[in-house]
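Architecture at a glance
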Amino acid sequence: MYKLLIVDDEASVVEGLAHTIPWEHVGIDEVHKAYSGFEALEILQTQPVDIMITDIKMPRMSGLELIEITRTRWKKLKTILLSGHAEFAYAREAISLGTSEYLLKPVSDEVVLAKVGKAVESLRLERESDETYNRAVQAFRANLPQMRSEFLNQLLQGMNSPEDVWTKKLELLEMSSAICSEAALMLVRMEDRLTEMSPYDSSVMEYAIGNMADEIFGDRFRLWRCRDIHGYLVFFVFDSHDPKEERPPDIAPEYELKHCASQLQMNVSRYLKGTISVLIGRRGRFPEDVRKLYQDSLLALRRHIGSHSDMFVYAADEEELHPVRSLQKCYEPPLLHHLLESGSWELVRDKLEQILKELSLAHSQSQEHVTEAFFFIYSSLSAYAHKNGRSLSDYLGASLADVTGLSQCTNAATLGKWVNQVLPLLEQSAERATRSDRSAAVSRMKRFIREHLSEDISLQAIADHMYMHPVHVSRLFKMETGSNLSDYVLRLKMERAAEMLADHSLKNFEIALKLGYQNPNYFIRVFKKYYSVTPQEYRNNLEAGKP
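So, here is what we can say about the structure in this document. (Residues numbered from 1 in each chain as written. Predicted model: local features only at pLDDT ≥ 70, side-chain atom pairs only at ≥ 80, totals over all residues. Heavy atoms only, no water.)

**Describing the sheet that holds strand β1 (residues 2-7)**
- With parallel pairing, the five strands of this open sheet are ordered in space as β2-β1-β3-β4-β5. Strands with a single pairing partner mark the edges of an open sheet, and in this sheet they are β2 (28-34) and β5 (101-104). Neighbour-to-neighbour, the strand axes of this sheet turn through a mean angle of 20°, independent of strand direction.
- With four bridges connecting them, strand β4 (residues 78-83) and β5 associate as parallel partners. Bridged to Ile80 within β5 is Glu101.
- Of the strands in this sheet, β1, β2 and β4 touch helix α1 (residues 11-20), which is tilted by about 170° from β2. (Pairing = 2+ DSSP bridges. Helix = DSSP H or I, 4+ residues; strand = E, 2+ residues; numbered from the N terminus. Axes fitted to C-alpha atoms, helices over the stretch in contact; angles between N-to-C directions. Contact = heavy atoms within 4.5 Å.)

Here it is as C-alpha cells:
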C-alpha cells in the first residue's frame, strides 16, 4: 500500500480531497494533510510518503518551490500539481521539475483518483525493477542458509508462534514442505582437534561437515541444519521419498538413516582428519515437536556419550528419557530478563503467568521446581534492577527483596502471591523514572522554543537540538503535554505577538519579523485565524480598552 500527502493553504480543499475520495481503490491506505509548504516538509521528514498533491500558489513557499526541494531530498516521491492557474509557464516549470501530473481547478474526484492511480502504478513498476530491490533479493538468496539456521535455532530454544505465522515464515525460507512433516533429529558433536581450532577454522569445518552430510544423505533425505548454543551441529532429517512410492522391503528408512550417519562419521575421519560423535534421536512432527526432540536428544547424548569421543548412538527406540520433566516456560524465548529490559510490561505479565500456570499444572507438588522458578524470576528482576543502577530492594523494599528463609517459594500459590506483589511495584517505579525523563526532555524542548521564538522554528531544528529523531520528538511532546508541538509553537508566537502589539512603537511588519514571519501578510492571516481579528484590530481594541 502507498501513502499520500495533500498540500493546500485552503483547508476546505485539503479536507475535501482527503475525506471524500475512496483512495483505497487505487492502493492508498494513509492520507496526510498539510496546509503550507513548511508543514509538508515536516511531514515528509517524519512520515513515509509516496505521492504528493500540492497547490501552486501558497504563502511563504509556493508549490513549485516545495517540489524543487522534494526533488533533491525525496527522489522517489511522485508529485501532482493542483492549481487554478492555467498559464503555460506554470505547467512548463512543473514539467521541468519532474512533476507527474498538472491538474487545473476545478477538477472532479474521478480525475484526481485516476491521476493518483496512475502514479501508484508507476511506483509499483519502479519498485519491481528497482536495482535496490534486486540487490536485496540477491542478498536474501545469498543469506538464505544462514537465515534458515537462525530460525531453526529459535525453534530449538522453544520459540512459539501461531500456525499461520509458522507457515508464512517457512514459506519465506523456502521450507514450506517441512510443515507437518515427520523428521528425525541428528546431533553431531565435533571433538578432539576440531574443538581446538580458531573460530574461523571451526566455521569452515562446520561448513565442510554440512556439505559432506548433504552429499552423503543425497536424494534419500532432505537436511535442515544449524549450530546450537552448545556448539553441536543439529540436523533435522526429512524423508524425501514420495510416501506413495513403495520402498524395497529390505531397505527401511531407519536403516538408510543409520547407514548415512555412520558414513558421515567415517568420512569426517578419513577426509577431514577429525573426530565426531553422532546421535540419532526420535522422530516427530515439524515444527511443533522440535523443542522436545532436541531436549530428549541432548539428554541421550549426556547419558550415552558423555565425555567419550568418536561414538555413534541410535536412541530413537529408547523409552521415555524424562522421568522428571524440567520447567519449559522459564527458558523459552523471549526470556524474562529480555522483556524486562525492553520495558514490555504486558509481555512480562504474560510470561510470568505462563511460568506460574505451568508450575501449578505440572509441578505443584515439587518443591524443587517451585524453588527453581522463584530463583529464575528473582535473578531476572535483580539483573534488571542492577542494569538500571539500583538494587532490587530499592524497587521492592527490603522485605519483598529478602530471600532469607525462602518464604516466597513455599509452594506455587505463595510464589504467585509474591509475583503479584512485586511486579506492580517494579512497573510503577519504572514508569515514574520514565515520566521524569520524559518531563525533563519536554522542558528542554520548551526552553529551546522560547529562546528561538524569533526564528522560523522547525521540528527538525528541535530534533537536532535534542539529538532525537523528529518523529520521536513529536510523539514525546504529545504524550507529555497532550498537544501538538506545532500548536505549542503557534500559541507562544501568538501570545508574544499580542504582548508586542501593546507597544505602539512597533509596526506590524516589525512584529512579524521578530516572530520569524518573513511575510507580514501571512503573519496577519495566522494572527486573525488565532484571535479572530487582525493585528491592527487587536491593537485598536487595546487602545479602546476592550478585552
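That covers the picture; the talk isn't over yet.
**Structural notes on the packing of aromatic side chains**
- All chains considered together, the criterion is met by 21 aromatic pairs.
- Seen from their ring centres, Tyr517 and Phe523 are 5.6 Å apart, and the 40° between their planes marks the pair as tilted.
- Residue classification places Phe523 among the buried residues on the basis of a relative accessible area of 0%.
- In this structure an aromatic cluster arises from ring pairing among Tyr517, Tyr522, Phe523, Phe527, Tyr530, Tyr531 and Tyr538.
- The lysine or arginine in question, Arg390, covers the ring of Tyr395, its NZ or CZ lying 4.3 Å from the ring centre. (Phe/Tyr/Trp six-rings, centres within 6.5 Å; stacked < 30°, edge-to-face > 60°. Buried < 20%, exposed > 50% of the residue type's maximum accessible area, 1.4 Å probe, protein only. Lys NZ or Arg CZ within 6 Å of the ring centre and 35° of its normal.)

**Quick word on the layout of surface pockets**
- Of the pockets and cavities examined, the largest pocket occupies roughly 1600 Å³.
- Around the largest pocket, the lining is made up of 40 residues, and of these Ser36, Glu39, Glu42, Ser486 and Asp487 lie nearest the centre.
- Those elements that provide at least two residues to the lining of the largest pocket are β2, α2 (37-46), α17 (459-466), α18 (470-481), α19 (485-501) and α21 (520-531).
- Tallying contributions element by element places α2 first for the lining of the largest pocket, with seven residues.
- Of the residues that constitute the lining of the largest pocket, the class distribution is 17 nonpolar, 11 polar and 12 charged.
- Of the volumes computed, that of the second largest pocket is approximately 650 Å³.
- Pro145, Gln146, Ser149, Tyr207 and Arg225 are the residues nearest the centre of the second largest pocket, which is lined by 22 residues in total. (1 Å grid on protein atoms, 1.4 Å probe; cavity = no way out; pocket = protein on both sides within 12 Å on 5 of 7 lines; lining within 4 Å. Points joined across faces, edges and corners; volume = space filled by probe spheres on them. Nonpolar A, V, L, I, M, F, W, Y, C, P; charged D, E, K, R; others polar.)

**With respect to the packing of helix α12 (residues 345-362) against helix α13 (residues 367-387)**
- Close contact between α12 and α13 brings their axes to 10 Å; oriented N to C, the two are set at 165°. As far as their axial angle goes, α13 and α12 are roughly antiparallel. Crossing of α12 over α13 shows right-handed handedness. Facing α12, whose interface residues are Trp345, Leu352, Ile355 and Leu359, α13 presents His369, Val370, Ala373, Phe376, Ile377 and Tyr384.
- Across the contact of α12 with α13, the residue classes break down as nine nonpolar, one polar and no charged. (Parallel < 35°, antiparallel > 145°, perpendicular 65-115°, else oblique. Left-handed = near helix turned anticlockwise from the far one by under 90°.)

**Considerations on the pairing of strand β7 (residues 221-227)**
- Two elements, β7 and strand β8 (residues 233-239), share seven bridges in a ladder whose sense is antiparallel. Residue pairing across strands places Arg222 opposite Phe238, the latter belonging to β8.
- Connecting β7 to the next strand, β8, in antiparallel fashion are five residues, including Gly231 with a positive phi near 90°.

**Let's talk about the environment of Val7**
- Turning to its location among the elements, Val7 is positioned in strand β1.
- Judged by its relative accessible area of 1%, Val7 falls in the buried class.
- For the pair Val7 and Leu352, spaced 345 residues apart in sequence, the C-alpha to C-alpha distance is 49 Å.
- Those residues in contact with Val7 that lie beyond four places of it in its chain are Val14, Ala34, Ser36, Gly37, Ala40, Met52, Ile53, Thr54, Asp55, Met58 and Leu66.

**Details of the nonpolar core**
- Counting residues in each nonpolar core, the largest one holds 34 residues, and the members touching the most others are Leu415 and Trp418.
- Counting only elements with at least two residues in this core, the list comes to α11 (336-342), α12, α13, α14 (392-396), α15 (398-401) and α16 (412-451).
- Residue contributions to this core peak at nine residues, all from α13.
- If we skip the residues at most four places from it in the chain, Trp418 touches Phe374, Ile377, Tyr378, Leu381, Leu400 and Gln408.
- One finds Leu185, Tyr232, Val290 and Val313 within the second-largest nonpolar core, a separate group that totals 31 residues. (Core = buried A, V, L, I, M, F, W, Y, C linked by side-chain atoms within 4.5 Å.)

**Observations regarding the environment of Tyr467**
- Locating Tyr467 in the fold gives a position in the loop between α17 and α18.
- Taking the C-alpha atoms as reference points, Tyr467 and Ser454, 13 residues apart in sequence, are found 22 Å from one another.

**Considering α19**
- Between its first and last C-alpha, α19 extends 24 Å over 17 residues, near the 24 Å set by a 1.5 Å rise per residue.
- All buried positions along α19 are accounted for by Leu485, Tyr488, Val489, Leu492, Lys493, Met494, Ala497, Ala498, Met500 and Leu501.
- Close packing links the buried residues of α19 with α16, α17, α18, α20 (508-514), α21 and α22 (535-543). (Expected span 1.5 Å × (residues − 1).)

Interpretation in functional terms is not warranted from these geometric data alone.
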